[in-house]
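Letter by letter, the chains look like this.
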Amino acid sequence: MHGRVKIKTTAQQEEEKRKEREKKLKIYVAARDACFSKRSEGVWDDEALQLTQQLLSSNPDFATLWNYRREILMHLETVKDEDEVQKIYEAELLFLESCLKVNPKSYGSWHHRGWVSARLPRPDWARELSLCDRCLSLDDRNFHCWDYRRMVVKISGVPVDQELAFTDRLIGSNFSNYSSWHYRSTLLPLLHPESPEPPSPCHEPPQTSPPPSPQTHSHRVCEEQLLKEYELVQNAFFTDPNDQSAWFYYRWLLGRAEREEMISCVYVSRDEERVAVAFSRPVNAQSVGLLLVLDGQPQRVEWRSVHPRFKHSPVWICDLPPGTINDISNEHNLTVHWTEKHTHRDCALYTGRTESWCRDSATDQELFRSELSVEKTSVLQSELQSVNQLQELEPLNKWCLLTIILLMRALDPLGYEKETLAHFQTLKEVDSMRSAYYSDLCSKFMIENTILKMEYAEVRVFSISDKNLTTLCHLDQLLLVTHINLSSNQLQQLPPQFAMLQCLEVLEADNNSIENLEGVYHLPKLEEVLLKNNKISTLADLQPLASCPKLKRLDLRGNPVAQTPNVESELVELLPSVTDLLL
């Protein structure tokens, strides 16, 4: 027995580990308390700097200590000369590198490094970019590092073409680098912007122009570069069809730029003495400087959104002073000025007309489809053929199916409508967990197609019955519609945005699952509402209809509310204007 090494039991080892942890904890707590005490006393000395360094080396996510450390460093700036401050901050950067080795995704460490770099008298941005390169080589999805790199690029003025080459390198080594694809999408519009004059070849910026910043908002990319990008991304998704990174980038390439900020429609009604204005994006008309001028005279009017739930809305309305335009024998000229954007739109109300409007159609604005050049059409057709071939090899690949739909919509949304619907049905079967998303997206595309058809026919009737709609969208494009047919779909509500249909006279929505009429609110021309076979269950659900002064006909057959005792007498009291009630 003598001379043999005694083997410690597991219990003994655990006890020793516990004691060691307790010892470290006591040291840590003592140092932390000392830091808090010094901070409360306003002490910013070297000892405090050492204490915070000791604590942050083991726990770099202690935000309070980083704050105290910054206070100390700012104090040292006031008592040291520039060279000494340079040395202090260079040492701080070395310390931060050790913290990042402990936790490469530490919020506190990256934030503090950005703060230090911004205050460094003579920063070495090349060194910082090199650090980012090393960190991203270890983890190309380190979003903290990406954020820091963008800050360095912005401050140091790295040329956009150099950053684009950086994304080339990362994507070339790993097609699955989502961050690089995303960064690329912010750089391309800066380096290869679309020329305002069609056609849009790529032009190199003049040598005298300052380099664009990678941080500005994105716009359209010129066609020549887009065609090159299609080839690049195709290589990526053919290499790994199940990786989503390249598919998302491809979807961005097929997308459209943000709409130009403008007044898209002005509508004036002589009977209601009301003006409705539609914008290309939701705005707060009470704060953007909206001015109404009638026959050369500015009018004092109160703008309001179409529904009280909206502070920002694409559609705003106002009432003109009584007697201003109600004489049908007079002609009036009206201008709406959007002073914030230095734009305006005119509208003339002619003699004998009860209403007038001036608008840009969805077709004019290229909201749902764009005019394609011969070259781009040819390339997209080739892309569609290639992706169809991939889909034959990968019939259950959801990204492939969705991209086929997007390509069809880019080429001819109306011509490919039947194929699009079939592909959506396959998507719901292949990716059943997201079937609701695909149903909503399909609804969106069908509404877009119906708007295009309505505009081509030059009518104000919007009919989209029996299309399995699950949601409503683009309702700001239906401001002038007088008759809408939503029957035999899967709608559960008429949302607040429905109140944008300020010209609506007839609403057909039979055979849905509608429980909520919140959007049927203050529609001044609405006369007929058909809601047979829905799920309206209480009188409170019908309350919004009381705000529609011209409502005459209401069909509630097949709704639970029709079985409510005394429902007819209560509806007469709630909706006195209704003369034709069907229960």
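Bear in mind that the values here come from a model prediction, so they are computed numbers and not experimental data. (Residues numbered from 1 in each chain as written. Predicted model: local features only at pLDDT ≥ 70, side-chain atom pairs only at ≥ 80, totals over all residues. Heavy atoms only, no water.)

(A) Quick peek at the overall build of the protein. Of the regular secondary structure elements, the protein holds 16 helices and 15 strands. In terms of C-alpha radius of gyration, the protein reaches 32 Å, well past the compact-globule figure of 25 Å for 583 residues. The C-alpha extent of the protein, read off along each of the three principal axes, is 110 × 65 × 60 Å. The buried share of the protein, taken over its 583 residues, is 46%. (Helix = DSSP H or I, 4+ residues; strand = E, 2+ residues; numbered from the N terminus. Rg over C-alpha atoms; globule rule 2.2 N^0.38 Å. Buried < 20%, exposed > 50% of the residue type's maximum accessible area, 1.4 Å probe, protein only.)

(B) Here's a closer look at the nonpolar core. Counting residues in each nonpolar core, the largest one holds 119 residues, and the members touching the most others are I484, L486, F498, L507, V520 and L542. It is helix α13 (residues 398–411) that contributes the most residues to this core, 11 residues altogether. If near-sequence neighbours (up to four positions away) are discounted, F498 is found in contact with L472, L475, I484, L486, L504, L507, G519, V520 and L523. (Core = buried A, V, L, I, M, F, W, Y, C linked by side-chain atoms within 4.5 Å. Contact = heavy atoms within 4.5 Å.)

(C) Main features of the domain arrangement of the protein. Each domain of the protein was delimited in the assignment, giving domain 1 (18–159), domain 2 (265–358), domain 3 (361–456) and domain 4 (460–581). Computed from C-alpha coordinates alone, the two centres of domain 3 and domain 4 are separated by 31 Å. Counting each side, the surface lost to burial between domain 3 and domain 4 is near 1,200 Å², with a carbon and sulfur contribution of 70%. Area buried by domain 3 at its contact with domain 4 is led by I447, T450 and M454, which between them contribute 42% of it. (Domains from an automatic or database assignment. Buried area = accessible area lost by both parts, 1.4 Å probe.)

(D) Geometry of the pairing of strand β7 (residues 332–338). The element β7 is extensively covered by neighbouring structure, given that five of its seven residues are classed as buried. Bridge count for strand β3 (residues 290–294) against β7 is five bridges, and the pairing is antiparallel. Opposite L290, over in β7, you have W338 as the bridge partner. In terms of strand pairing, β7 meets strand β8 (residues 343–349) through seven bridges, oriented antiparallel. Bridging from a neighbouring strand, V336 pairs with R345 of β8. Taken together, β7 and the strand that follows it, β8, pair antiparallel across an intervening segment of four residues, in which H342 is found at a positive phi of about 55 degrees. (Pairing = 2+ DSSP bridges.)

(E) Highlighting the packing of helix α8 (residues 160–173) against helix α9 (residues 178–191). Two elements in contact, α8 and α9, have axes separated by 9 Å at closest approach and are oriented at 150 degrees. Comparing the axis directions of α8 and α9 gives the class roughly antiparallel. The element α8 and its partner α9 pack so that their crossing is left-handed. Contacts between α8 and α9 involve V160, D161, E163, L164, T167, D168, L170 and I171 from the former and S180, W181, Y183, R184, L187, L188, L190 and L191 from the latter. Of the residues in the contact of α8 with α9, the class split is 10 nonpolar, two polar and four charged. (Axes fitted to C-alpha atoms, helices over the stretch in contact; angles between N-to-C directions. Parallel < 35°, antiparallel > 145°, perpendicular 65-115°, else oblique. Left-handed = near helix turned anticlockwise from the far one by under 90°. Nonpolar A, V, L, I, M, F, W, Y, C, P; charged D, E, K, R; others polar.)

(F) How the structure looks around the sheet that holds strand β5 (residues 304–305). Taken in spatial order, the five strands line up as β5-β6-β2-β1-β9 in an open sheet, and their pairing is antiparallel. Of all strands in the sheet, those bounded by a partner on one side alone are β5 and β9 (355–359).

(G) The sheet that holds strand β15 (residues 580–582), seen in detail. The six strands are arranged β10-β11-β12-β13-β14-β15 in an open sheet whose pairing can be described as parallel. The sheet is open, and its two borders are formed by β10 (461–463) and β15, each paired with just one other strand. With strand direction ignored, the average angle separating the axes of adjacent strands in the sheet is 0 degrees. In terms of strand pairing, β10 meets strand β11 (residues 483–485) through three bridges, oriented parallel. The residue bridging V461 from the neighbouring strand is H483, located in β11.

(H) View of the UniProt feature "domain: Rab geranylgeranyltransferase alpha subunit insert-domain" (unreviewed entry) in the protein. UniProt records the feature "domain: Rab geranylgeranyltransferase alpha subunit insert-domain" (unreviewed entry) for residues 263–362 in the present numbering. Helix and strand shares over residues 263–362 are 0% and 53% respectively, and the end C-alpha atoms of the span are 13 Å apart. (UniProt positions renumbered as here; feature names shortened; annotations may be inferred.)

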